[in-house]
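# Report on the structure
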Amino acid sequence: QALPVLFKHWLKNEEVEEGGTAMLYCELTKPNASVEWRKGDTVLQTSDKYEIRQEGTRVELFIYDAEAQDA
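As a starting point, this report considers the structure included with it. (Residues numbered from 1 in each chain as written. Predicted model: local features only at pLDDT ≥ 70, side-chain atom pairs only at ≥ 80, totals over all residues. Heavy atoms only, no water.)

### Considering the overall build of the chain
Helix and strand counts for the chain come out as zero helices and six strands. When the helices and strands of the chain are read in sequence order from the N terminus, they spell out β-β-β-β-β-β. Each of the three principal axes of the chain carries a C-alpha extent, and together these read 45 × 20 × 20 Å. Approximately 5500 Å² of the chain is accessible, and the part contributed by carbon and sulfur atoms is 48%. Side chains of the chain give 8 positive and 14 negative charges; the mean places of these two sets differ by 9 Å. (Helix = DSSP H or I, 4+ residues; strand = E, 2+ residues; numbered from the N terminus. Areas by Shrake-Rupley, 256 points an atom, 1.4 Å probe, with all protein chains shown as cover. Lys, Arg positive; Asp, Glu negative; His and termini not counted. Charge placed at Lys NZ, Arg CZ, Asp CG, Glu CD.)

### Overview of the nonpolar core
Among the nonpolar cores identified, the biggest contains eleven residues, and these are Ala-22, Leu-24, Cys-26, Leu-28, Ala-33, Trp-37, Leu-44, Tyr-50, Val-59, Leu-61 and Ile-63. For this core, the secondary-structure elements that each account for two or more residues are strand S2 (22-28) and strand S6 (58-63). Here this core gets four residues from one element, more than from any other, and that element is S2. Those residues in contact with Leu-61, other than ones at most four positions away along the chain, are Ala-22, Met-23, Leu-24, Trp-37, Leu-44, Tyr-50, Glu-51 and Ile-52. (Core = buried A, V, L, I, M, F, W, Y, C linked by side-chain atoms within 4.5 Å. Buried < 20%, exposed > 50% of the residue type's maximum accessible area, 1.4 Å probe, protein only. Contact = heavy atoms within 4.5 Å.)

### Thoughts on the environment of Glu-36
Tracing the backbone shows Glu-36 in the loop between S2 and strand S3 (38-39). A relative accessible area of 52% places Glu-36 in the exposed class. Note: C-alpha distance between Glu-36 and Met-23 (13 residues apart in sequence) is 15 Å. Of the polar contacts made by the side chain of Glu-36, one reaches the side chain of Arg-38; its length is 2.8 Å. (Polar contact = N/O pair within 3.5 Å; in protein donor to acceptor, adjacent residues only side chain to side chain.)

### As for the pattern of salt bridges
Scanning the entire structure with this criterion turns up five salt bridges. With a closest N to O distance of 2.8 Å, Glu-36 and Arg-38 form a salt bridge. With its nearest N and O atoms 2.8 Å apart, the salt bridge here joins Glu-60 to Arg-58. Where salt bridges share partners, they join Lys-49, Glu-67 and Asp-70 into one cluster. (Salt bridge = Lys/Arg side-chain N within 4 Å of Asp/Glu carboxyl O.)

In short, geometric facts, not functional conclusions.
Below is the structure:
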């Protein structure tokens, strides 16, 4: 039976000035595991606003042109 994917490095709060770019990341125990980024019930998708990158066990979310409602 396969072991579950766990967090090796949890998300930390990121402060950024309005209009700037925020970068959130986490580190997983298994490479290329499926990850969903969410804001409330909404699953975030790559767009002009969000960029999602995954390389090995590191998964990153970039939030461009940050606004108060992105908190």
